[in-house]
Amino acid sequence: MTMNTPFTNEQFFSVFEKYNHTLLPVQFILFIFCIFAFIAIGTKIPQKDKIISGILGFLWLWVGIVYHISYFSGVSWIALGFGMLFILEGLFFLWEGSLKHNLKFVFKKSVQTYLGCFFVLYALIVYPFVGYMIEQNFSRLVSVGFPGPTIILTFGFLLLTDKKVPRYLLIIPTIWAVVGISTVIKLAGYQDFMMIIAAIIADVWLLKRKVPVDQQPDPRV
């Protein structure tokens, strides 16, 4: 069974080509920002949590404004709605992480950390590599800054947090992970299978997370 989409395969891939040809070398800059955010987790850089949240927020805003609204809307009007969702999630990250400081990123020796690192590295390295091996075409290469790898990257970073994550931050990435199944079915985007896997693992792990004792309010106050 295939899932109908309001655009053809060729229209879909033409967006990738136009985006990559027009914006080069922005793709590499976004990649460097994400690598910096990943490495910064293990450092003592002042305000690193706010910086990492800011990078994630910027990345979601970028996908919403640049990819969906500026490029993808040329082949499908639903891209405008998708763009607004990504913009909203970007603002959520800036609000919760950069302004309210409700996201704290750490590396620990735990299964959660290993999974988080795997999803981040998958999004940054494995995802575009698999895409290239399938298409054999750099102009159609999908990297961070496109929706798929950005979703996986986001779940990875959220698994690398040490506080109870505001639940509403999971809603839009999870919705997109489900919507992204149509890409796998109709467009053979096999690397997008990891979106739904990352969504399930991150949602189960983060929704059951309890507030650490040292972060709970003091009952004596």
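Once that is clear, we can look at the pattern of salt bridges. The final tally for this structure, using the stated rule, is 2 salt bridges. The salt bridge involving glutamate 17 is made with arginine 140; its shortest N-O contact spans 2.7 Å. A residue pair is termed long-range when its members are at least 10 positions apart, and glutamate 17 in helix α1 (residues 9-23) and arginine 140 in the loop between α5 (111-135) and α6 (147-159) qualify at 123 residues. We note a salt bridge from lysine 108 to aspartate 162, for which the minimum N-O separation is 2.6 Å. Of this pair, lysine 108 sits in the loop between α4 (78-99) and α5 while aspartate 162 sits in the loop between α6 and α7 (171-179), placing them 54 residues apart in sequence. Classification of lysine 108 as partly exposed rests on a relative accessible area of 45%.

Now for the nonpolar core. With 59 residues, the main nonpolar core has Tyr19, Ile52, Tyr67, Ile152, Leu153 and Phe157 as its most contacted residues. Secondary structure elements with two or more residues in this core: α1, α2 (26-40), α3 (48-71), α4, α5, α6, α7 and α9 (193-207). The leading source of residues in this core is α3, at 10 residues. The residues contacting tyrosine 19, other than those within four sequence positions of it, are Gln27, Leu30, Trp62, Val66, Tyr67, Tyr71, Gly145 and Phe146.

Detailed reading of the predicted model is not advised wherever pLDDT is low. Looking at the protein, pLDDT values average 87 and 87% of them are 70 or higher. Long-range and interchain partners of residues 213-221, a stretch whose pLDDT sits below 50, account for 4 contacts in this model, where long-range means more than four residues apart.

Next up on the list: the environment of threonine 154. Counting through the fold element by element, threonine 154 comes out in helix α6. For threonine 154, a relative accessible area of 0% gives the class buried. Placed 15 residues apart in sequence, threonine 154 and leucine 169 show a C-alpha to C-alpha distance of 9.9 Å. Leave out the neighbours within four places in its chain, and threonine 154 touches Trp60 and Phe93.

Parameters at a glance
Residues numbered from 1 in each chain as written. Predicted model: local features only at pLDDT ≥ 70, side-chain atom pairs only at ≥ 80, totals over all residues. Heavy atoms only, no water. Salt bridge = Lys/Arg side-chain N within 4 Å of Asp/Glu carboxyl O. Helix = DSSP H or I, 4+ residues; strand = E, 2+ residues; numbered from the N terminus. Buried < 20%, exposed > 50% of the residue type's maximum accessible area, 1.4 Å probe, protein only. Core = buried A, V, L, I, M, F, W, Y, C linked by side-chain atoms within 4.5 Å. Contact = heavy atoms within 4.5 Å. pLDDT = per-residue confidence, 0-100.

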